Amino acid sequence: MGHVYTPGLKVTEFTKVRKTRILPLKGNVLVSVGQEVKPDSVIAETFLPGKAEVVNISNKVNVEPKDLGMVIKRKPGESFEKGEVLAQTKGILGLFRSTYRTPFKGSLESVSNITGQMIIRGEPTPINVKAYISGKIADIIPEEGAIVESTASLIQGIFGIGGEKYGKLEKIVDSPEEPVDESYIKDEHKGKILIGGSFISANALAKAADKGVKGIVVGGFDDKDLREFLGYDIGVAITGSEDIGCSLVVTEGFSEIKMALHTFELLSKYEGIEASINGATQIRAGVIRPEVVITHPHLSDDKTAQKDMESKGVLLESKVRAIRVPYFGKIGKVVSLPPDLRKLESESKARVLEVEFEDGTRAIIPRANVEVIEE
Amino acid sequence: MKKPEDINIILATDCGSTTTKAILIEKKDDEYRLVVRGEAPTTVEAPFEDVTMGVLNAVGEVEELTGKKLINKDGQIIRQTNGDEGCDIYISTSSAGGGLQMMCAGVVREMTAESAERAALGAGAIVMDVIATNDNRLAHEKIERIRQLRPDMILLSGGIDGGTISHVVELAQIIGAADPKPRLGIGYKLPIIYAGNVDARDAVSEALSEKTSLDMVENLRPVLERENLRPAREKIHDLFMEHVMAQAPGYKKLMTWTDADIMPTPGAVGLIMKTIADLESIEIVGVDIGGATTDIFSVFQNTFNRTVSANLGMSYSVSNVFAETGLENVMRWVPLHLDERDLRNRVKNKMVRPTTIPQSIEELIFEQGIAREALRLAFLQHKSFATTLKGVQKVRTLADTFSQEQEATIVNMMSLNMLVGSGGVLSHAPRRNQAAIMMIDAFQPEGITRLAVDSIFMMPQLGVLTEIHPKAATEVFNKDCLIHLGTCISPTDGGRDRKDGTEIMKYNITLPGGKTESGTLKFGEIMKIPLEIGETANAVFEPGRKFDVGQGKGTKVETEVHGGTVGIILDGRGRPLNLPDEDVLRVEKLREWLLSLEVYPESILKD
């Protein structure tokens, strides 16, 4: 292939973050361009059509489908109150009438003279979309939402669970090598996003959720613990909708792995500052990585212009992380990039690179098995 | 478009969800052959959002490799040959942007709804869900489901002609109540194809014509005994072009470049498989195991079937294979002892970093163990779907009364002539012997079966080509597309009275040059006899009285067998293939088989 693709996760102190915040259906946009927003500011709102219910009205009131027109009191499109008589037969001399009362407030959608069924629909439910990060409205998407923009520190993880949350950052370990167990989670962590080290156990995560912690960032997590915490196995990496109180962002991968020093230092630097966290992960076309966003709304654009370099892929001296055994989790710098295909131990032929790890040892690794640490 | 006889240079692309592949075919000495292939990342997603960029990059690579000029200065494909410039026709398939995602609906799940599903799958769709009157879901649950899924289109069937009207209309009303919105493009109506009872057309139209873009085609199950899937499939293809493709970024432009309609990738693969099966009068099974999904195609009794196992794959879905089959089932194929916690983490790490490759041999063995399970599960699904029509009245014998099986699968491993594999884990296995053993273990072919892999997955492009130039398509398929692995001979027993070492088949194979290989195959062993690609050998197989190699138990078979990169494989492990329960014995047996076929380096198996 002409292009070498090496997945890189962004861990950068200053970048321009743009978040497209749109409704699932068309609705009203409540913000304007240039307006400053907070994570909980409502950007747009709409109404979801109410639940439709199919009722076999013909059976309910004992009338042939073709005669339903004579007993239904409302026309399609008309609304009704809860408990209202929607259909009633004449009975015999006004007695023995069959009656159908509506189970909720809503409207009549349709009546079929063939099947004897009618569809009634409940009241619309209001929904809205919030800003998620602090920033300014950069653009409006008419009837759908807006784009929120801010200068921010962006830390992308490799895998996460749980949805969008925000809270102040708090460090609970002394070093990126330190694993987190239950004893680290305290009452005063309620509403915070915690910075952990190399690992978190299922029990510690459950305790955090219980204590009202908003989110946790750690280097590694165990698949076994993931199953234990969620109560099921994640088959396909599409997450974010889990109903858990505390969102989790794993920065390195599965197993106990020291959090990359740069990531740990960056998070620690902003301890006490409000941040947004989202565990949503999707690893298919249209990749979504979990993230922590620490906005700096009052920084000038120049700062990001200096730092926002385009990703250049793997180069000599690039800082890389090995992402598959036998070197999984090790960090080093590229010391050579042989152009020809090399035979691996598995006998596959692949393009490789030579890495010098932090401890000075060197190894040959397939290029597909490293990722660039973008700083 | 030019007449077929005037077509000398063919350019074809397949826009996959991650890679766009281009191939160039040229006629030389009255024969069409693959000249070169190029590939580039697909550019449907942001930041590019224009599929034609990936197409031009892939074609650009073909230009570099051949020295031909195929793209003009305006950035368009030159479809007029002039010396070293241009091609005669350009065609393309696509599965980018998630392919074609459909829902199907029918009255009875096992009858019209299943026929609708078959029509959609055959057209190359991913079927997200099948709604049926008898699927045990309440109406509001069905409505919620339709809303949630947002398919590209819905195929509604139900009722034989002259049969039920009310049930079909009920389904139409449910779809209408859901007021479904298409996945792509906010401002247009969702296409719905009605292919059910003709008598219900007016009522269906009343329920759906305002809210959706409704099309009517002939009933896909006009009588219980017969399916008529073609009109529905053709309509799906038309709507795929008109609605789905037209909404995807850059496709409007691409559609003006191609000389034939852009086809969904799996639909095109189905076409080539069916063409080959028809031309050579063979029964065939093909599999494409990808990162996210596994597609299986088969032609048995002249009937084409396709299934997609949406969440069985080797990278994005690898964790799901594990979740569905369990660690034990994967590990039974692995002749090594590995730590469970570590393995589970490895699988998840592959899921979150799907582009990584096994560096160590131990990793490769483990990954190929997972592949066997993904293939096995996908094939089980395929077998249960590829059946004779359900709901047809039959005269049942007393024996049938005691049989649990209601409808027999038409997949017959004994009559199967060829098994074709494709997808990274099979096509790029470092040793071809690994691809062969993975397919044999997962599919368990019976009797005499040829094995092949599609080395660079060009079946999609050849599929579209069969529509406009069948000669070119079949020539390239036979000469350049397939890499023949050889022939597998598996005497089949009933699984009873098995004992390792029992003599189960005598063989006598006359190789090219006159040399003969003869001997006795014992139960529990597997061996290979070299026979090169393109070579054939005359063979005589005499199975024991309890064993069958195609002509019945104990019946001698004289036949010609084809060679390949692996050769002739004599598989005496019985069908179904059972591995020893006891761990030490199982590992010992696996090592013996893998050594005999030279699947992995001796050093790792002899430790």
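Computed from a prediction, not measured in an experiment: that's the story for all the values here.

1. A closer look at the overall build of chain B
Then step 1. When helices and strands are counted, chain B shows 19 helices and 22 strands.
Then step 2. Over its C-alpha atoms, taken along the principal directions, chain B stretches across nearly 70 × 70 × 50 Å.
Then step 3. The burial tally for chain B puts 55% of its 607 residues in the buried class.
Then step 4. For chain B, long-range pairs separated by at least 24 residues make up 70% of all intrachain contacts whose partners lie at least 6 apart in sequence.

2. What to know about the overall build of chain A
Then step 1. Of the regular secondary structure elements, chain A holds 5 helices and 28 strands.
Then step 2. Against the globule reference of 21 Å for 375 residues, chain A gives a C-alpha radius of gyration of 28 Å, more extended than a compact globule.
Then step 3. Its C-alpha atoms give chain A principal-axis dimensions of roughly 100 × 50 × 50 Å.
Then step 4. Burial statistics for chain A: of 375 residues in total, 42% are counted as buried.
Then step 5. Contacts spanning at least 24 positions in sequence make up 65% of the contacts within chain A whose residues lie at least 6 apart.

3. Comments concerning the pairing of strand β13 (residues 303-309) of chain B
Residues and elements named next belong to chain B.
Then step 1. The buried fraction of β13 is high, at 5 of 7 residues.
Then step 2. In the sheet, strand β12 (residues 294-300) pairs with β13 via 7 bridges, with the strands oriented antiparallel. In the sheet register, Thr294 faces β13, and the bridge partner there is Ser309.
Then step 3. Adjacent in sequence and paired antiparallel, β12 and β13 are bridged by 2 residues, among which Gln301 carries a positive phi angle near 50 degrees.

4. Overview of the interface of chain B and chain A
A common way to express how large an interface is: the accessible area buried when the components associate.
Then step 1. Each side of the interface is counted separately: chain B has 48 residues, and chain A has 49 residues.
Then step 2. Counting only elements with at least two residues in the side of chain B that touches chain A, the list comes to β3 (31-41), α1 (51-66), α3 (139-149), α4 (166-178), α9 (318-325), α11 (340-352) and α12 (361-385) of chain B.
Then step 3. Counting residues per element, the side of chain B that touches chain A draws most heavily on α11 of chain B, which supplies 8 residues.
Then step 4. Broken down by class, the residue content of the side of chain B that touches chain A amounts to 20 nonpolar, 16 polar and 12 charged.

5. Points about the domain arrangement of chain A
Then step 1. The domains assigned to chain A are domain 1 (52-122), domain 2 (158-289) and domain 3 (319-374).
Then step 2. Taking the mean C-alpha position of each, domain 1 of chain A and domain 3 of chain A sit 70 Å from one another.

6. What about α12 of chain B?
Then step 1. An ideal rise of 1.5 Å per residue puts 36 Å on 25 residues; α12 of chain B measures up with 36 Å between its terminal C-alpha atoms.
Then step 2. Of all 25 residues making up α12 of chain B, 18 are buried, and the element is well covered by its neighbours.

7. Considerations on the environment of Leu579 of chain B
Residue and element names in this part refer to chain B.
Then step 1. Mapped onto the secondary structure, Leu579 falls in the loop between β22 (567-571) and α18 (583-596).
Then step 2. Separated by 96 residues in sequence, Leu579 and Ile483 have C-alpha atoms that sit 29 Å apart.
Then step 3. What Leu579 contacts, discounting residues up to four positions off in sequence, is Arg332, Arg586 and Lys589.

8. Topic: the domain arrangement of chain B
Then step 1. Considered domain by domain, chain B is made up of domain 1 (4-96), domain 2 (99-252) and domain 3 (284-388 + 407-605).
Then step 2. On a C-alpha basis, the centres of domain 2 of chain B and domain 3 of chain B stand 36 Å from each other.

9. Examining α3 of chain B
Then step 1. Residues Ala139, Lys142, Ile143 and Ile146 of chain B constitute the buried set of α3 of chain B. What you see down the axis of α3 of chain B is that its buried residues fit within an arc of 100 degrees, all on one side.
Then step 2. Where the residues of α3 of chain B are buried, they touch β5 (52-55) of chain A together with β5 (100-106), β6 (125-132) and α4 of chain B.
Then step 3. Of the residues trailing α3 of chain B, Arg150 of chain B is marked for its positive phi of about 45 degrees.

10. So, the sheet that holds strand β17 (residues 503-510) of chain B
Residues and elements named next belong to chain B.
Then step 1. Pairing is antiparallel across the open sheet formed by 4 strands, whose spatial order is β18-β17-β20-β21. Both edges of this open sheet fall to β18 (516-522) and β21 (557-562), since each of them pairs with a single strand only. The mean inter-strand angle of the sheet, taken between neighbouring strand axes irrespective of direction, is 25 degrees.
Then step 2. Where strand β20 (residues 536-543) and β21 come together, 6 bridges link them in antiparallel fashion.

11. Observations concerning the packing of helix α8 (residues 265-280) of chain B against helix α17 (residues 470-481) of chain B
Residues and elements named next belong to chain B.
Then step 1. Running from amino to carboxyl end, α8 crosses α17 at an angle of 85 degrees, the nearest separation of the two axes being 11 Å. If you check the angle between α8 and α17, you find them roughly perpendicular. Between α8 and α17, the residues in contact are Ile272, Thr275, Ile276 and Leu279 and Pro470, Ala473, Thr474 and Phe477, respectively.
Then step 2. Looking at the contact of α8 with α17 residue by residue, the class counts come to 6 nonpolar, 2 polar and no charged.

12. Some points on unusual backbone geometry
Leave glycine aside and you will find that most residues have negative phi; peptide bonds, for their part, are mostly trans.
Then step 1. Residue Pro326 of chain A follows Val325 of chain A across a cis peptide bond; omega there is 10 degrees.
Then step 2. Among the structural elements, Pro326 of chain A can be located in the loop between β23 (319-322) and β24 (331-336).
Then step 3. The backbone of Asn136 of chain B shows a phi angle near 65 degrees, a positive value even though the residue is not glycine.
Then step 4. Turning to its location among the elements, Asn136 of chain B is positioned in the loop between β6 and α3.
Then step 5. Taking the C-beta count within 10 Å as the criterion, Asn136 of chain B has 7 such neighbours and is therefore assigned exposed.
Then step 6. Even without being a glycine, Asn302 of chain B presents a positive backbone phi close to 65 degrees.
Then step 7. For Asn302 of chain B, the position within the fold is in the loop between β12 and β13.

13. Re the sheet that holds β5 of chain B
All names here are of chain B.
Then step 1. Read across the sheet, 5 strands follow the order β6-β5-β7-β8-β9 without closing on themselves; strand pairing throughout is parallel. In the strand order of this sheet, the two ends are held by β6 and β9 (213-216), each with one partner. Geometrically, the sheet is characterised by an average inter-axis angle of 20 degrees between neighbouring strands, direction not taken into account.
Then step 2. Both β5 and strand β7 (residues 153-156) contribute to a ladder of 4 bridges, which runs parallel. Counterpart to Ala105 in the pairing with β7 is Leu156.
Then step 3. Packed on one face of the sheet, α3 meets β5 and β6 and runs near 165 degrees to β6.
Then step 4. The sheet strands contacting α4 are β5, β6, β7 and β8 (191-194), and the helix crosses β7 at an angle near 165 degrees.

14. Structural notes on the environment of Phe541 of chain B
Residues and elements named next belong to chain B.
Then step 1. Tracing the backbone through its elements, the reader meets Phe541 in strand β20.
Then step 2. Look at Phe541 and you get buried, because 25 C-beta atoms sit within 10 Å.
Then step 3. Beyond its immediate stretch of four places on either side in the chain, Phe541 contacts Ile489, Met505, Tyr507, Val549, Lys556 and Val557.

15. With respect to the confidence of the model for chain B
All names here are of chain B.
Then step 1. Considering every residue of chain B, the mean pLDDT works out to 89; 95% of them sit at 70 or more.
Then step 2. Residue range residues 401-406 is modelled with pLDDT below 50. Its contacts to residues more than four positions away, or to other chains, number 1 contact.
Then step 3. Model confidence for the complex is summarised by a pTM of 0.85, with the ipTM given as 0.86.

16. What to know about the packing of helix α2 (residues 202-211) of chain A against helix α3 (residues 223-230) of chain A
All names here are of chain A.
Then step 1. It is the contact of α2 with α3, at a shortest axis distance of 9 Å, that shows an interaxial angle of 35 degrees. Seen along the crossing, α2 lies across α3 with a hand that is right-handed. Contact with α2, carried on its side by Ala202, Leu205 and Ala206, involves Asp225, Glu228 and Phe229 of α3 and no other residues of that element.
Then step 2. When its residues are assigned to classes, the contact of α2 with α3 shows 4 nonpolar, no polar and 2 charged.

17. Considering the nonpolar core
It is characteristic of soluble globular proteins that their nonpolar side chains tend to be buried jointly.
Then step 1. Residues Met102, Ala105, Ala120, Leu155, Ile175 and Ile193 of chain B are the most contacted members of the largest nonpolar core, which totals 266 residues.
Then step 2. Listed in part, the 12 residues of the second largest apolar core include Val320, Val325, Val355 and Ile365 of chain A.

18. Some details on the confidence of the model for chain A
Residues and elements named next belong to chain A.
Then step 1. The share of residues in chain A with pLDDT of 70 or more is 93%, and the mean pLDDT across the chain is 89.
Then step 2. Per-element confidence in chain A ranges from a low mean pLDDT of 54 for helix α5 (residues 301-307) to a high of 98 for strand β17 (residues 192-195).
Then step 3. Across residues 1-6, where pLDDT falls below 50, the model places 18 contacts with residues more than four positions away in sequence or in other chains.
Then step 4. Counting contacts from residues 306-310, a segment whose pLDDT is below 50, to residues more than four positions away or on other chains yields 6 contacts.

19. Looking at the environment of His382 of chain B
Then step 1. When you line up the elements, His382 of chain B lands in helix α12.
Then step 2. Residue classification places His382 of chain B among the buried positions, given that 24 C-beta atoms sit within 10 Å.

Rules and cut-offs
- Residues numbered from 1 in each chain as written.
- Chains lettered and ligands numbered in written order.
- Predicted model: local features only at pLDDT ≥ 70, side-chain atom pairs only at ≥ 80, totals over all residues.
- Helix = DSSP H or I, 4+ residues; strand = E, 2+ residues; numbered from the N terminus.
- Buried ≥ 20, exposed ≤ 12 C-beta atoms within 10 Å, placed from the backbone.
- Contact = placed C-beta atoms within 7 Å.
- Rg over C-alpha atoms; globule rule 2.2 N^0.38 Å.
- Pairing = 2+ DSSP bridges.
- Nonpolar A, V, L, I, M, F, W, Y, C, P; charged D, E, K, R; others polar.
- Domains from an automatic or database assignment.
- Expected span 1.5 Å × (residues − 1).
- Arc of directions from axis to C-beta.
- Axes fitted to C-alpha atoms, helices over the stretch in contact; angles between N-to-C directions.
- Parallel < 35°, antiparallel > 145°, perpendicular 65-115°, else oblique.
- pLDDT = per-residue confidence, 0-100.
- Left-handed = near helix turned anticlockwise from the far one by under 90°.
- Core = buried A, V, L, I, M, F, W, Y, C linked by C-beta atoms within 7 Å.

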